Amino acid sequence: MESTAPVTTAQANASSSTPSGASGPTADRVSSHTHVKGLGLSEFGTVDVNANCGLVGQVPAREACGLVVDLIQAQKLAGRALLLVGPPGTGKTALALAMAKELGPAVPFCPMVASQVYSKEVKKTEMLTTSFRKAIGLRIREQKEVYEGEVTELTVEETQDALQHANTYGRTIAHVTLSLKTTKGTQTLKLDPTMYESLAKENVTIGDVIYIESNSGAVKRVGRSDTFATEFDLEAEEYVPLPKGDVHKRRQVVQDVSLHDLDLANAQPSGNSSRKDVVSLMASLGRPKKTEITDKLRTEINKVVTKYIQDGVAELVPGVLFIDEVHMLDQECFTFLNRSLESRLSPIVVLATNRGVTHVRGTGSGGQDGGGVKAPHGIPVDLLDRLLIVPTRVYSEPEMRDILRLRAATESIVLDDAASAPLSSADVATADTSTLGKLAEIGTRTSLRYAVQLLTPAHILASCSGRTIVSPRDVEEADLLFLDGKASAQRLSQMEGFLE
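Residues numbered from 1 in each chain as written. Predicted model: local features only at pLDDT ≥ 70, side-chain atom pairs only at ≥ 80, totals over all residues. Heavy atoms only, no water.

A. The overall build of the chain, seen in detail. From N to C terminus, the chain includes 16 helices and 17 strands. Taking all contacts inside the chain whose residues are at least 6 apart in sequence as the whole, residues at least 24 apart take part in 66%. (Helix = DSSP H or I, 4+ residues; strand = E, 2+ residues; numbered from the N terminus. Contact = heavy atoms within 4.5 Å.)

Here it is, written out as structure tokens:
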């Protein structure tokens, strides 16, 4: 949800140094898809080979996902579903995350794994409904009268409390005098005594830039005026420029919330009936959830949202719900998805699976996978007909080299000189002599995931030998220490098994 004030968040972690005893800046944790920055498409929708997006290969799939992103941004794909299919390790999850990067932070993106719906505390349909509502955004525009400026005077006027005896000390606040300054002028305000508590809660002092909503009386401290930026040698304050224009102004405040946020806020309201804006709805989000949200409450919220949209106060922003390993859902969940996609308030659903023709969960005699109906990708045919299917293919050896090079750079692992530059087609025959070529050979023989997992163990083995550059010998030694899935299955087939 966007802030109601122009507050600039300080990116302290990105520029600060580590504590005493450490060296270098603080680094974020490297995850499986840290290197993915987008789809890497040109303005014409084709793959740009010079784009540094973190994706390699999968040209048709990336172009298809780019077309889907354009349809989402044009709001012409609501209620539709997309299915990413392909063998394991072909970048299906990376494509979904790249779509989220292309859509930007304004479009809600809710990722989940199909196995998350199975819980003893919450129903499967409730979990899916919650994910659906998280992926549907509501952009609310409100016109508010605000007073904004730098505090130049803050005086608390006290008076004798009439309920106290004259010979005893009993004083109360009569009013608060507040002067605000902008680039255009200064205005003095006489505030109600109840406003003093809000000012004290925000720790407002002379020299702070604040704004006050005239209709609700909400006070927000934006920061310290930049005219005081040099008053200390070491400063922990956030300095903001002096506001422009008049002190009293009308401002359009844009707030982004999801339907699930509104569900939570109305399921456990704060009880403050004096404030009717969206901020009051969000005041109770920190409370723990005790019961499931009823369909009756959601229906009432949908009516209010529909009225806001018809009045032009709000705008619906259909987001993306990404469900990975969708073959883990059962028949009940697929039926619920089939019906939910027909709803007017429905996000764009992106599914991913690596299964071929397999049993649909929940159709067997045992209730799960004990026989039952077989269907492509483990999805019932009636739901499969609604999906746009995007296939992915196995990476070639040159593409594996490029991916491994990206991962090595992301994890700050230095490979040997022969692997530092891209190889031409004439050098492929001699590529096995380099570290990158050895890793690509292992990836072709086993899987790309296994080759990527060998990067860090090989780097540790090189460090133990006193070297900073990973050599092919380190990769071979790491490969001898571990087994991939195919080698483990072959080893089990040659043995009688561990416990049968």
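B. Inspection of the confidence of the model for the chain at higher detail. When pLDDT is averaged along the chain, the result is 78, and 79% of the positions lie at 70 or above. Taken element by element, the chain is modelled with least confidence in helix 1 (residues 12-15), mean pLDDT 35, and with most confidence in helix 14 (residues 455-464), mean pLDDT 91. The model gives residues 1-27 a pLDDT under 50, and that stretch makes 33 contacts with residues more than four places away or in other chains. (pLDDT = per-residue confidence, 0-100.)

C. Just the packing of helix 14 against helix 15 (residues 472-481), in detail. Remark: helix 14 packs on helix 15, axes separated minimally by 8 Å, with the N-to-C direction vectors making an angle of 120°. The two elements helix 14 and helix 15 cross, and the hand of that crossing is right-handed. Only D474, V475, E477, A478 and L481 of helix 15 make contact with helix 14, whose side of the interface consists of P457, A458, L461 and A462. (Axes fitted to C-alpha atoms, helices over the stretch in contact; angles between N-to-C directions. Left-handed = near helix turned anticlockwise from the far one by under 90°.)

D. Just helix 14, in detail. Of the positions making up helix 14, those classed as buried are L455, P457, A458, L461 and A462. Among the structural elements, helix 11 (397-410), strand 16 (414-415), helix 12 (435-445), helix 13 (448-453), strand 17 (469-470) and helix 15 are those in contact with the buried residues of helix 14. Two residues or fewer after helix 14 comes G466, characterised by a positive phi angle close to 85°. (Buried < 20%, exposed > 50% of the residue type's maximum accessible area, 1.4 Å probe, protein only.)

E. Broad picture of the sheet that holds strand 1 (residues 81-85). Reading across the sheet, the five strands line up as 2-11-12-1-15 and stay open at both edges, with parallel pairing between neighbours. Each of the sheet's edge strands pairs with one partner strand only, and the pair in question is strand 2 (109-113) and strand 15 (387-391). The average undirected angle you get between the axes of adjacent strands in this sheet is 20°. Strands in contact with helix 4 (residues 124-134) are strand 2, strand 11 (320-324) and strand 12 (348-353); relative to strand 2, the strand with the most contacts, it is inclined by about 155°. (Pairing = 2+ DSSP bridges.)

F. The environment of T130, seen in detail. Within the secondary structure, T130 sits in helix 4. Residue classification places T130 among the buried residues on the basis of a relative accessible area of 11%. Through-space distance from the C-alpha of T130 to that of I293 is 9.0 Å; in sequence the pair is 163 residues apart. For T130, the contacting residues outside a window of four places in its chain are H260 and R298.

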